[in-house]
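One-letter residues, chain by chain:
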Amino acid sequence: MPIFSSLTARNALYEKFKSKIINNPILDRNLVSYQGNKQAPFSAWFKYREGFSERLVTYILKTLQPKPGLLLDPFSGSGTSLFTASELGWQTTGIELLPVGIFATEARIIAQKINIELLKSVIYKLEKIDYKDYYKDSLAFKHLAITRGAFSEINEKQLVGYLSYCHDFIRDKNIQQLLMYTALCILEDISYTRKDGQYLRWDFRSGRSKGKTEFNKGEILSFEDAIRRKLKQIISDLELDYIQLDLFSNTELSTFTTIKSVNKSGNFEILEPQLYEGSCLEILPTFPDNSIDVVITSPPYLNRYDYTRTYALELAFLGCSEDKVKNLRQQMLSCTVENRDKHKYLEEYYTSKERYDEFLKIDAVFKQQAALQEVLMILEEYKKERNLNNKNIARMVHNYFYEMCFVIYELSRILKSGGIITIVNDNVKYAGEEIPVDLILSDIAESFGLRTKYIWTLGRGKGNSSQQMGSYGRTELRKCVYIWEK
Ligand SMILES: C[S@@+](CC[C@H](N)C(=O)[O-])C[C@H]1O[C@@H](n2cnc3c(N)ncnc32)[C@H](O)[C@@H]1O
């Protein structure tokens, strides 16, 4: 039986916000996505594909010109907004749940303080050794079920030997951690896998690929080659940064936008980001009212990407057990079909903080958002009719917006009056039903007292997942940067 798909509430929402939807030709895919970081020192070391570009953060801060103060990114990933804003003179605070993002952020903080000459001498020695001679069973790579067989025997032996050498022979803790991070940055390159959003794709040479079509990822680097290249890139970026700082020291401050202070030993320092490790659903409620000047962030998109599978190699490298990974998967903002409801957990959390009234207020805003309820009702119908390619899609959409209500409420509470929130996100479509994520979230923000200034759209939108294109054809979906004010 065909399902009656009403668009009434979504059309009304579109009418409400249409004057705010503005195509911004400056924002192209390259500027908004990680692609824009390819040439950026530090960011280019590790492909955190879900990251946005440093140029986007600079563009936002220079275009909107808020007065520098405290900037927050509650989904800080590899720290793009934190480091870019720090360089522009902002104090920055980030929250991140995934150990991979946390490790990347810490490594970048360390890299900015590293003694380059000492690092160069360590690397000089490293390049002379045969890593497999230092292999130790006690440091063997602790695979997860989904990473087993990801490396050739020789690459895994050399990787473990390199780690064991760093562990036993590098005394400077900062250099040791940067060398570990260098190895994390090359895991994909030396493996039979390729990151693919929802899971890892396996190259046919692994003997593990099950798909109908054989997947060939192209060149798989040897560990020695990959680590040599990555170390070279890191040294050259650090030297470049150092030269820029040197240049800065001989130039009038006013000609530079970057604010780097000189410490007692004469070295330059940038304002160091502060990072909270854990879920922003728990950490944001601990921030005081009116304490943040600007938020620049990009939450996970409602697109079924599973960070815990995509970054499984890196999580295993960092010592995460199967249980830890499963827990992380559930703690993440719901954006996969596996995420279970956090309703009870949030209710208990707010009650334990004596903030049950606020819980009720947030819960009510979720229930009253008409376009969202329209979408949820239709998706539930599709589920009953077995028209969804996964029955948990309706639950995922429900949970995503439920949790985002809590995030947006907290952001509006902790933002100072006159403050700005910038969100990067994509709209999506399931079973042919467009979900205007930009409009729904903006309306929720307005329920919590924020004003929508712009919904900037990128030149070209994109269709949703390839599974749907067959049935519904490719349609343009808005990819947006939205600006809310308090
Ligand atoms: C789109 S990415 C942001 C990337 C970031 N803008 C960058 O440039 O690297 C979303 C991030 O949110 C993190 N995340 C997901 N759920 C979270 C939660 N509950 N609390 C904090 N971070 C979370 C993910 O691990 C991921 O790093």
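Residue positions within a chain follow its written sequence, with the count starting from 1. Since the coordinates come from a predicted model, pLDDT governs what is reported: local features require at least 70, and pairs of side-chain atoms require 80 or more to be given and counted, while whole-chain, interface and lining totals use all residues. In computing side-chain values, all of the structure's heavy atoms are included and hydrogens and water are not.

## Digging into the pairing of strand β2 (residues 70–73)
So, point 1. One bridge is not enough; two strands pair if DSSP finds at least two bridges between them. Comment: elements are numbered from the N terminus, with helices defined as DSSP H or I runs of at least four residues and strands as E runs of at least two. Examined bridge by bridge, β2 and strand β3 (residues 91–96) share four bridges and lie parallel to one another. Bridged to leucine 70 within β3 is glutamine 91.
So, point 2. In the sheet, β2 pairs with strand β9 (residues 292–297) via two bridges, with the strands oriented parallel. If you follow leucine 72 over to β9, its bridge partner there is valine 295.

## Quick notes on the nonpolar core
So, point 1. Take the buried residues of types Ala, Val, Leu, Ile, Met, Phe, Trp, Tyr and Cys, join any two whose side-chain atoms come within 4.5 Å, and each joined set is a nonpolar core. Only protein chains enter the accessibility calculation, which uses a 1.4 Å probe. A residue is then buried if its area is under 20% of the maximum for its type, exposed if over 50%, and partly exposed in between. Membership of the largest hydrophobic core comes to 66 residues, with the highest contact counts inside it found for Val397, Phe401 and Ile435.
So, point 2. Sorting elements by how many residues they give to this core places helix α17 (residues 393–414) first, with 15 residues.
So, point 3. Every residue pair with non-hydrogen atoms within 4.5 Å of one another is taken to be in contact. Residues contacting phenylalanine 401, with those up to four places away along its chain left out, are Leu302, Phe366, Leu372, Ile435, Val437, Ile440 and Leu441.
So, point 4. If you look at the next biggest cluster of nonpolar residues, it comprises 63 residues, including Phe103, Ala104, Leu126 and Ala226.

## Looking at the packing of aromatic side chains
So, point 1. Ring pairs shown here join Phe, Tyr and Trp side chains whose ring centres sit within 6.5 Å, with only the six-membered ring taken for Trp; geometry is labelled stacked below 30 degrees between planes, edge-to-face above 60, and tilted in between. Evaluation of the coordinates by the stated rule reveals 25 aromatic pairs.
So, point 2. Ring geometry for phenylalanine 103 and tyrosine 181: centres 6.0 Å apart, planes at 65°, overall edge-to-face. Here the residue phenylalanine 103 occupies a position in helix α5 (residues 99–111), and tyrosine 181 occupies one in helix α8 (residues 173–185), the gap between them amounting to 78 residues.
So, point 3. Arranged with centres 5.3 Å apart and planes meeting at 75°, the rings of tyrosine 409 and phenylalanine 448 form a pair that is edge-to-face. Separated by 39 residues along the polypeptide, tyrosine 409 in helix α17 and phenylalanine 448 in the loop between α18 (437–447) and β13 (451–457) bring together distant segments of the chain.
So, point 4. Criterion for a charge above a ring: Lys NZ or Arg CZ within 6 Å of the ring centre, and within 35 degrees of the ring normal. We note arginine 208 situated over the ring of tryptophan 202; from NZ or CZ to the ring centre the distance is 4.1 Å.

## Quick notes on the side chain of asparagine 339
So, point 1. As for its position among the elements, asparagine 339 is in the loop between α13 (322–331) and α14 (343–352).
So, point 2. A polar side-chain atom of asparagine 339 sits 3.0 Å from a polar atom in the side chain of threonine 336. Within 3.5 Å is the distance limit for a polar contact, defined as a pair of N or O atoms, with the added protein rule that one can donate a hydrogen and the other accept it, and that residues adjacent in sequence qualify only through two side-chain atoms.

## Considering the pattern of salt bridges
Oppositely charged side chains can pair when the atoms bearing their charge come close.
So, point 1. For salt bridges, the criterion is a side-chain nitrogen of Lys or Arg within 4 Å of an Asp or Glu carboxyl oxygen. Within this structure, the stated rule accounts for 33 salt bridges.
So, point 2. Put simply, arginine 309 and glutamate 338 hold a salt bridge, and the shortest N to O gap is 2.7 Å. With arginine 309 in helix α11 (residues 307–310) and glutamate 338 in the loop between α13 and α14, this residue pair connects regions lying 29 residues apart in the sequence.
So, point 3. The shortest N-O distance in the salt bridge between glutamate 381 and lysine 384 comes to 3.5 Å. With a gap of three residues between them, glutamate 381 and lysine 384 both fall in helix α16 (residues 370–384), about one helical turn apart.
So, point 4. The exposure class assigned to glutamate 381 is partly exposed, which follows from its relative accessible area of 32%.
So, point 5. According to the relative accessible area criterion, lysine 384 is exposed, its value standing at 62%.
So, point 6. By sharing partners, the salt bridges in this structure join Asp289, Arg355, Glu358, Glu410 and Arg413 into a single network.

## Side note on the site of the ligand
So, point 1. Put simply, a residue is near a molecule or strand once any heavy atom of it comes within 4 Å of that molecule or strand. Around the ligand there are 23 residues in total, and Tyr48, Ser78, Thr80, Glu96 and Cys280 lie nearest to it.
So, point 2. Between the ligand and serine 78, the relevant distance is 2.8 Å, taken from an oxygen atom to a side-chain nitrogen or oxygen of the residue.
So, point 3. In this structure, cysteine 280 approaches the ligand through a main-chain N or O atom, which is 2.9 Å from a nitrogen atom.
So, point 4. Note on areas: these come from Shrake-Rupley sampling with a 1.4 Å probe, and a residue is covered only by the protein chains present in the view. Calculation on the ligand without its partners gives an accessible area of 610 Å², and the protein chains cover 99% of this total.
So, point 5. Under the convention adopted here, Pro, Cys and the residues Ala, Val, Leu, Ile, Met, Phe, Trp and Tyr are nonpolar, Asp, Glu, Lys and Arg are charged, and Gly plus all remaining residues are polar. The residue inventory of the shell around the ligand, partitioned by class, reads 12 nonpolar, nine polar and two charged.

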